[in-house]
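Descriptive structure summary
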Amino acid sequence: MAKKNDYFGLSRLVSIILAIIPITAFICGAVTRIMEGKIVAGLLRILLGWNIIWIVDLVLMIVSGHILRLLNI
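Bear in mind the structure is a predicted one, so any value in this text is a computation, not a measurement.

**Quick word on the pattern of salt bridges**
All told, the structure shown has three salt bridges when counted by the stated rule. Among the ionic pairs, E36 bridges to R69, the shortest N-O distance being 2.6 Å. Residue E36 is located in the loop between helix 2 (22-35) and helix 3 (39-48), and its partner R69 is located in the segment after helix 4 (52-63); the two are separated by 33 residues in the primary sequence. The exposure class of E36 is partly exposed, given its relative accessible area of 35%. It is possible to trace a salt-bridge network through shared partners that takes in R33, E36 and R69.

In structure tokens:
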């Protein structure tokens, strides 16, 4: 069975495709962090997720299959 990654436990390929598109990366990143119970991190993604965080998320998704965990609170 394939290892599940970020973006709602979808496969790595689907997560990479979602990360490439800025709007879906923005929405999926914020929703993923809120679903993890990290409300502050989700709100920061909503406020800051349209710029450098998107680029870092894209690189990390391709390399490791996970999004940036800027705040772990």
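Back to the text.
**A closer look at the nonpolar core**
The biggest cluster of nonpolar side chains holds nine residues, and these are Y7, I16, L18, A19, A25, C28, L58, M61 and I67. Tallying contributions element by element places helix 1 (residues 12-20) first for this core, with three residues. Setting aside its immediate chain neighbours within four residues, A25 contacts Y7, L18, A19 and W54.

**Concerning helix 2**
Residues separated by three or four positions in an α-helix point in the same direction, a consequence of the helix having 3.6 residues per turn. Here helix 2 contains 14 residues, and its C-alpha end-to-end distance of 20 Å stays within 8% of the 20 Å for a straight helix at 1.5 Å per residue. Listing the buried residues of helix 2 in full gives A25, C28, G29, A30, T32 and R33. Contacts made by the buried residues of helix 2 are with helix 1, helix 3 and helix 4. Just past helix 2, the residue G37 takes up positive phi, approximately 90 degrees.

Reading the values: rules and limits
- Once a new chain begins, its residue numbering starts again from 1 and follows that chain's sequence as written.
- Side-chain atom pairs in this predicted model are given and counted only at pLDDT of 80 or more, local residue features only at pLDDT of at least 70, and totals for whole chains, interfaces and linings cover all residues.
- Side-chain figures throughout are based on the complete set of non-hydrogen atoms in the structure, without hydrogens or water.
- Basic side-chain nitrogens of Lys or Arg form a salt bridge, by our definition, when they fall within 4 Å of a carboxyl oxygen of Asp or Glu.
- The secondary structure listing takes helices from DSSP runs of H or I that are at least 4 residues long and strands from runs of E that are at least 2 residues long, numbered from the N terminus.
- Whether a residue is buried, partly exposed or exposed follows from its accessible area with a 1.4 Å probe, protein chains only, as a fraction of its type maximum: under 20%, in between, or over 50%, in that order.
- Throughout this description, the term nonpolar core refers to a set of buried Ala, Val, Leu, Ile, Met, Phe, Trp, Tyr and Cys residues connected via side-chain atoms within 4.5 Å.
- Note on definitions: a residue-residue contact is assigned when non-hydrogen atoms from the two residues lie within 4.5 Å.
- Multiplying one less than the number of residues by 1.5 Å gives the expected span of a helix.

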